[in-house]
Amino acid sequence: MRKGIKLEYRLVVLSICVFCVFVFFFTFRLAKDNTGKSSENSPFGVDFAVYYTAGQMVRSGETDDLYNASIHRASMERIMGREMPPNLPWMYPPTFLLMVTPFSFLPYTTALVVWLSITLALALFALFRLVPKQKSLALLAVGFPGVLMNLRWGQNGFLNTALLGFGLYFLETNPILAGLMFGLLTYKPQIALFAFLILFLSKKRRVLVWAIIFTLGFAILSGVLFGFDTWVQFVQSFSNSTSGFLDENWLSNAGVQPSMFINMRLAGINDTVNYIILTVIGLLVTGATGWVWHRTDRISLKAVTMCTGTFLIIPYFLQYDLMILSIPLVLFSYDLIEYGSRPIDFLLLLVLWATPVLDGVFVIWMNVHICPFILMALMIDVVARVKLQRETVCGESRVGGMPAPNSDLGEPERRFSVSEYRE
């Protein structure tokens, strides 16, 4: 255990040092943008300008034009006082307006910093609560390269991480709060899809019912506050915005969409075969995740499969969404330290940490996104750990009542109750 604590300490210190570099880079670039010394066409945190503009339009009574890309862009350029990059429409459901409109009351730069600070703090607190023991491991998330990507674009990756993390934490102890978290996550439907599916398959019916209730409640509330026409406009614009990323402009965005679907397109596979392959992968991933959720009580392994599976079953997500992988990073680290590991496990952990960087390098050099393959390897490793745990618990790995001499994970594992995880 002392060796594990020492390793934990080293990892945490390294992560904090890396985070300091991220913050310095963010501050430096933001200062250049604000003083007009930046020569880049895209200001730092540029995607937050989409949220900020939507909030400003709500405040000025322009909700009818939220989903009109040209009007939204004109408003954004007027607010930012500069020409903005193309393809930055508002395409979120009206429920997201409930979260971002309050930030529009602040000056833009202040709003950006407050948005990122609050959502990052929530993500870290969710991870702190989610880690069963050795709470400092939650700080591994701050050194994850996904943090820099989210800072760069001013995106919602921290918020997604917080909602998924709290949803998993409250899963067994408070179905209402868990349902609230998963319900809020539906502002980004493609990210919430797999979580809802696993809730159904794992028979977390109370959580699922509350999640649906909150989803409908927030939809009604946003309709009352912003007008139900906004929902009509969102539905009408949904196919156009989706096709913009998956059809007309897919190639120009392919470098920042690390999905298996885009991989197969880059390989020249036609869409019919592509969707068939994606469906098969989705079924296998869903089956593996369902098996893990039924065969172990370890929240660390359950969370890893839910988060990795989210990115393996959908055709579209962007690099900054990979911030969610900080949950598997932290909890897989915990599982290796707490229950033992093989060299291959720590190698996989290192690769997982580097995934946002490695994926960018591979797509530039080889025109291949490596992210889906890393996530598949992680899913397979988790399944293997659960299988070994069950064999150990059942005595299949023992000789004369003792652990087998060649046991890869050292001391025999035991199943932990929910209450033990909450201590």
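The coordinates are above.
Let us look at the structure shown here.

Rules used in this analysis
- Residues numbered from 1 in each chain as written.
- Predicted model: local features only at pLDDT ≥ 70, side-chain atom pairs only at ≥ 80, totals over all residues.
- Heavy atoms only, no water.
- Helix = DSSP H or I, 4+ residues; strand = E, 2+ residues; numbered from the N terminus.
- Buried < 20%, exposed > 50% of the residue type's maximum accessible area, 1.4 Å probe, protein only.
- Contact = heavy atoms within 4.5 Å.
- Areas by Shrake-Rupley, 256 points an atom, 1.4 Å probe, with all protein chains shown as cover.
- Phe/Tyr/Trp six-rings, centres within 6.5 Å; stacked < 30°, edge-to-face > 60°.
- Lys NZ or Arg CZ within 6 Å of the ring centre and 35° of its normal.
- Patch = residues over 30% accessible without salt bridge, like charges linked within 9 Å, V, L, I, M, F, W, Y side chains within 5 Å.
- Salt bridge = Lys/Arg side-chain N within 4 Å of Asp/Glu carboxyl O.
- Polar contact = N/O pair within 3.5 Å; in protein donor to acceptor, adjacent residues only side chain to side chain.
- Expected span 1.5 Å × (residues − 1).
- Arc of directions from axis to C-beta.
- Core = buried A, V, L, I, M, F, W, Y, C linked by side-chain atoms within 4.5 Å.

1. Quick notes on the overall build of the protein chain
The number of helices and strands found in the protein chain is 19 helices and two strands. Looking at the protein chain residue by residue over its 423 residues, the buried ones come to 54%. For the protein chain, contacts bridging at least 24 residues in sequence account for 72% of all contacts bridging at least 6. On the protein chain, roughly 18400 Å² of surface is accessible, and the fraction owed to carbon and sulfur atoms is 67%.

2. Details of the packing of aromatic side chains
For the structure on display, the rule yields 28 aromatic pairs. Here Tyr-51 and Tyr-92 contribute two aromatic rings whose centre-to-centre distance is 5.6 Å and whose plane-to-plane angle is 80 degrees, an arrangement assigned as edge-to-face. Placement of the pair is Tyr-51 in helix α2 (residues 46–59) and Tyr-92 in the loop between α3 (69–80) and α4 (95–100), with a sequence separation of 41 residues. Comparing Tyr-51 with Tyr-92, the two get one shared label, buried. Considering the side-chain rings of Tyr-334 and Tyr-339, the 6.5 Å spacing of their centres and the 90 degrees angle between planes classify their relative orientation as edge-to-face. Among the residues examined, Tyr-334 registers a relative accessible area of 1% and is labelled buried. Aromatic ring contacts, followed pair by pair, group Phe-48, Tyr-51, Tyr-52, Trp-90, Tyr-92, Phe-96, Phe-103, Tyr-108, Trp-115 and Tyr-187 into a single cluster. Residue placement shows Arg-298 over the ring face of Tyr-339; its charged tip is 3.9 Å from the ring centre.

3. Notes on a nonpolar patch on the surface
There is a patch of nonpolar side chains on the surface, built from Ile-220, Leu-221, Val-224, Leu-225 and Phe-228 and spanning about 500 Å² of accessible area. Position of Val-224 relative to the elements: it lies in helix α10 (residues 205–226). Since its relative accessible area comes to 57%, Val-224 is described here as exposed.

4. Observations concerning the side chain of His-72
With respect to the helices, strands and loops of the structure, His-72 is situated in helix α3. According to the relative accessible area criterion, His-72 is buried, its value standing at 0%. In this structure, His-72 is in contact with Val-50, Thr-53, Ala-54, Met-57, Asp-65, Leu-66, Leu-88, Pro-89 and Trp-90, ignoring residues within four places of it in sequence.

5. Digging into the environment of Asn-263
For Asn-263, the location among the structural elements is in helix α13 (residues 260–266). With 109 residues separating them along the chain, Asn-263 and Pro-372 place their C-alpha atoms 8.8 Å apart. From its side chain, Asn-263 meets the backbone oxygen of His-369 in a polar contact 2.7 Å long.

6. A word on α10
End to end, α10 covers 31 Å across 22 residues, agreeing with the expected 32 Å (1.5 Å per residue, within 8%). Along α10, the residues that are buried comprise Val-207, Leu-208, Ala-211, Ala-219, Ser-222, Gly-223 and Phe-226. Take α10 and look down its axis: the buried residues cluster within an arc of 145 degrees, on one side only. Opposite the buried face of α10, at more than 90 degrees from it, the exposed residues are Arg-206, Leu-216, Ile-220, Val-224 and Leu-225. One or two steps after α10, the chain reaches Gly-227, where phi turns positive at roughly 100 degrees.

7. Topic: the nonpolar core
By size, the foremost hydrophobic cluster in this structure holds 112 residues, and its most contacted members are Phe-48, Tyr-51, Trp-90, Phe-96, Trp-115, Leu-164 and Phe-182. Excluding residues within four positions of it along the chain, Trp-115 makes contact with Phe-48, Tyr-51, Phe-96, Val-100, Phe-103, Gly-154, Gln-155, Asn-156 and Leu-159. If you look at the next biggest cluster of nonpolar residues, it comprises five residues, including Ala-254, Phe-261, Ile-262 and Leu-266.

8. What to know about the pattern of salt bridges
On inspection of all chains with the given rule, the structure shows 10 salt bridges. With a shortest N-O distance of 3.1 Å, Arg-73 and Glu-77 are connected by a salt bridge. Pair noted here: Arg-73 and Glu-77 are both in helix α3, with a separation of four residues, about one helical turn. Measuring nitrogen to oxygen at the nearest pair gives 2.9 Å for the salt bridge that ties Asp-335 to Arg-385. Placement of Asp-335 in helix α16 (residues 326–339) and of Arg-385 in helix α18 (residues 371–393) is noted, with a sequence separation of 50 residues between them. Exposure remark for Asp-335: the relative accessible area of 0% places this residue in the buried category. Each of Arg-298, Asp-335, Arg-342, Asp-345, Asp-381 and Arg-385 takes part in salt bridges that share partners, so that together they form one network.

9. Observations concerning unusual backbone geometry
A positive phi angle, close to 65 degrees, is found at Lys-203, a residue other than glycine. As for its placement among the helices and strands, Lys-203 is situated in the loop between α9 (189–201) and α10. The backbone of Asn-367 sits at a positive phi, close to 60 degrees, despite the residue not being glycine. Relative to the elements of secondary structure, Asn-367 occurs in the loop between α17 (343–365) and α18.

The values are spatial; any link to function lies outside them.
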